[in-house]
Structure formats: C-alpha cells, structure tokens
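Listed below, chain by chain, are the residues.
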Amino acid sequence: MAPATERVVSEPARSRGRRRAWDQAPRWQIYLPLSVYLVFTLVPFYWILLFALRPAGSTSLMPWPLTFDHFEKVWTERSFGTYFGNSVLVGLATLVMTTVVALAGGYALARFDFKVKRGFMLALLCSQFVPGALLLVPLFQIFAELKMINSLGSVIIAETVFQLPLSMILISNFIKNVPYSLEEAAWVDGCNRLRAFRVVVLPLLRPGLIAVGSFAFVHSWNHFLFALMFLNNQDKQTIPVGLNSLMSADSVDLGALAAGGIIAAVPVVIVFAFIQKWLITGFSAGAVKG
C-alpha cells in the first residue's frame, strides 16, 4: 500500500514541478521581445519630437539646441489654436451626446424585452461593418437640406451617429452586470423606475460610462473624414484637417507637421493617463455578458 500511495501523491507533485519549470523562463526570453516591441513603439515618437524641437534645416540626431519655433508657427500662423478649440468642442459634445443616448438605449436593451430586439441588436452589430465613407453622401444631403453644412453641429451629429451602435451594445452589457434585484429593492422602498436608475444603477455604471465616453471622445478627436467633407471655412476646421493642410504637393514642413502632431497627441495622452484605471475596468466589465 505504501508504494501505491507514494505514487499517487508524487504524480501531482511532479506535474506541479514541470509547470513551475515551464513558467520560470529565463528573464532574457521575456525582456528581449518586450525591448524589441518598445523600440518599435518609441522610435517614431522620438523622431516626431526630434523634428519638432530641433531647428529647421538641422540634421542632428539630438534635438539640440532646443527650439519651440515650430510650435509657435503652427499655433499662430497656421491657426492651430482655432483648430484645437474646434476639436475640443466637437469631442466634448460627441462624448456627452453619445453617452446620454447610448445610456438610454442600452438600458432599454438590457431591461426590456420586445419583439424586434434580436433584429435590432443584429442591425447594431452589422452597422459596425459599414465604412464611414459610405455615409458621406446621405449625410451630406441631409445636412444640406437642414442648412448645416459648414457647421460644427453637422460633424458632432455625424460622429455621434457613427459611435452609437457600439456604445449602446457596451452600455447594455454594463447594465446587465448590475443585478436587477437592486432596482426591485429600490422600487419597494418607494422609488420609481427613473429614480431607482439614477440612485442605484447609475453610480455602478461609472467605469462603463468613462470607457464609452473616452472612446467616443478619442474617435471624434482623431476622425478626419467628416470634418473634411462637412466643413469649408478655415475657422471651422479641426486638428486632423489642420494637419493635412501642412502637407502640399510640392513640399512638407516637417518641423511644423511634427509640432502639430504633438499638439494633437498631448490631450489624448493626458486623458488616458487620468482615466486608465476606469477604462480597463469598464471595458473588462462590458466584455462579459451578465
């Protein structure tokens, strides 16, 4: 009996030993691929900083002496201050409209059953396969009839419509993860459906709302096509269109283009630095069906 018992006990031990030996790989096998990936990621950013901070005509691989002439040029002479303000307005308005509408639609999808619910969800999913370029002609005709061409409102509405399907699907998954019994308990305590949602459900959706709102903001901040097609005047343009204006058929001002790219990237980097924790939590919660 003793040898049999010993064999039974030793097999799991040997299995755990093999797993530990597999998991404890040499450090270089971990750090080498990460270092290669880090180089490919950071070298383009360094190259942009190099062109933005070194004097025009310099070929040095170090940004010395430092100069901020390119930033001053794009901000004042190239109207990037105006582009920046327009992009902030479009991004914040798209964030608010997308979050509010997706919150209402996501609650309906998560809490109510209706006959065309499956078909509606399928239509939302299929809409993600439609390229934004296919929407340009119908949207342009609609905005032309509404006298909204060359208005930031047209870009805000187009960006919101483009973001809504995915946002509604994510919000509905967030709400499904909130136990329905919490709302029922609030109803028993005298709350109506709207108050129960505002007091009980809405605070629990904060990570999901931050994830959806940040996704809508970043997409509208970087989107080029709608602003190019619906806005004509220079004082209505956004940063992506402004960056495109720095390139011509004959020449490209690399210093100004690099400075403009940094101006465009800094707000997004700052936003993600502050909301990183909420963003990861939100997308993880929305990816799991409750």
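Just so it is clear, the structure is predicted and the values come from calculations on it, not from any experiment. (Residues numbered from 1 in each chain as written. Predicted model: local features only at pLDDT ≥ 70, side-chain atom pairs only at ≥ 80, totals over all residues. Heavy atoms only, no water.)

Attention now goes to the overall build of the protein chain. When helices and strands are counted, the protein chain shows 13 helices and zero strands. The order of helices and strands in the protein chain, counted from the N terminus, is α-α-α-α-α-α-α-α-α-α-α-α-α. Out of the 290 residues belonging to the protein chain, those deemed buried represent 34%. Here the protein chain displays about 17800 Å² of accessible surface, and carbon together with sulfur accounts for 69% of that area. (Helix = DSSP H or I, 4+ residues; strand = E, 2+ residues; numbered from the N terminus. Buried < 20%, exposed > 50% of the residue type's maximum accessible area, 1.4 Å probe, protein only. Areas by Shrake-Rupley, 256 points an atom, 1.4 Å probe, with all protein chains shown as cover.)

All right, on to the side chain of Ser 154 then. With respect to the helices and strands, Ser 154 occurs in helix 7 (residues 152-176). When its relative accessible area of 0% is taken as the criterion, Ser 154 is described as buried. Here Met 148 takes part through its backbone oxygen, which lies 3.4 Å from a polar atom of the side chain of Ser 154. Leave out the neighbours within four places in its chain, and Ser 154 touches Phe 143, Met 148 and Phe 230. (Polar contact = N/O pair within 3.5 Å; in protein donor to acceptor, adjacent residues only side chain to side chain. Contact = heavy atoms within 4.5 Å.)

A word on the pattern of salt bridges. Within this structure, the stated rule accounts for two salt bridges. A salt bridge links Glu 183 to Arg 111; the shortest N-O distance between them is 2.6 Å. A residue pair is termed long-range when its members are at least 10 positions apart, and Glu 183 in helix 8 (residues 180-188) and Arg 111 in helix 4 (residues 80-111) qualify at 72 residues. Owing to a relative accessible area of 15%, Arg 111 belongs among the buried residues under this scheme. Between Lys 117 and Asp 113 there is a salt bridge whose closest N-O contact spans 3.4 Å. (Salt bridge = Lys/Arg side-chain N within 4 Å of Asp/Glu carboxyl O.)

Attention now moves to a nonpolar patch on the surface. Among the surface-exposed residues, Tyr 46, Trp 47, Leu 61, Met 62, Trp 64, Leu 66 and Phe 68 lie close enough to one another that they form a single nonpolar patch of about 850 Å² accessible area. Given a relative accessible area of 46%, Leu 66 falls into the partly exposed group. (Patch = residues over 30% accessible without salt bridge, like charges linked within 9 Å, V, L, I, M, F, W, Y side chains within 5 Å.)

For the rest of this paragraph, the subject is the packing of helix 4 against helix 10 (residues 206-222). The contact between helix 4 and helix 10 brings their axes to 8 Å, and the two run at 140 degrees. For the pair helix 4 and helix 10, the sense of crossing is right-handed. Residues Phe 84, Ser 87, Val 88, Val 90, Gly 91, Leu 92, Thr 94, Leu 95, Thr 98, Thr 99 and Leu 103 of helix 4 form the contact with helix 10, whose own contacting residues are Leu 209, Gly 213, Ala 216, Phe 217, Ser 220 and Trp 221. Per-class residue counts for the contact of helix 4 with helix 10 are 10 nonpolar, seven polar and no charged. (Axes fitted to C-alpha atoms, helices over the stretch in contact; angles between N-to-C directions. Left-handed = near helix turned anticlockwise from the far one by under 90°. Nonpolar A, V, L, I, M, F, W, Y, C, P; charged D, E, K, R; others polar.)

It is worth spelling out the packing of aromatic side chains at this point. As enumerated under the stated definition, the model contains 13 aromatic pairs in all. Ring geometry for Trp 47 and Phe 51: centres 5.8 Å apart, planes at 70 degrees, overall edge-to-face. Linking Trp 47 with Phe 51, this pair stays in helix 2 (residues 27-53), spanning four residues, or about one helical turn. Seen in terms of ring centroids, Tyr 107 and Phe 197 are 5.0 Å apart; in terms of plane orientation they differ by 70 degrees. Their pairing is edge-to-face. (Phe/Tyr/Trp six-rings, centres within 6.5 Å; stacked < 30°, edge-to-face > 60°.)

Bringing the packing of helix 8 against helix 9 (residues 193-204) into the picture now. For the pair helix 8 and helix 9, the least separation of the axes is 9 Å and the interaxial angle reads 140 degrees. Taken together, the axes of helix 8 and helix 9 are oblique relative to one another. Taken as a pair, helix 8 and helix 9 cross one another with a handedness that is right-handed. Here Tyr 180, Leu 182, Glu 183, Ala 186 and Trp 187 of helix 8 come into contact with helix 9, specifically with Arg 193, Ala 196, Val 200, Val 201 and Leu 204. Of the residues that constitute the contact of helix 8 with helix 9, the class distribution is eight nonpolar, no polar and two charged. (Parallel < 35°, antiparallel > 145°, perpendicular 65-115°, else oblique.)

In this section: unusual backbone geometry. With a phi angle near 65 degrees, Ser 79 is a residue other than glycine that sits in the positive phi range. Residue position: Ser 79 is located in the loop between helix 3 (69-77) and helix 4. In this structure Ser 79 comes out as partly exposed when scored by relative accessible area, which is 22%.

The terminal C-alpha atoms of helix 2 lie 36 Å apart, and with 27 residues this matches the ideal 39 Å at 1.5 Å per residue to within 8%. Its axis deflected by about 30 degrees at Leu 42, helix 2 carries its strongest bend there, up to four residues before the proline Pro 44. (Expected span 1.5 Å × (residues − 1). Bend = angle between axes of the 7 residues up to and from the residue.)

Time to look at the confidence of the model for the protein chain. For the protein chain, the mean per-residue pLDDT works out to 82, and 87% of the residues sit at or above 70. When pLDDT is averaged over each helix and strand of the protein chain, the minimum, 51, is found for helix 1 (residues 2-23) and the maximum, 92, for helix 4. Scored below 50 in pLDDT, residues 4-9 makes zero contacts in the model with residues more than four places away or belonging to other chains. In this model, residues 286-290 is a region of pLDDT below 50 whose contacts with residues beyond four sequence positions or in other chains number eight contacts. (pLDDT = per-residue confidence, 0-100.)

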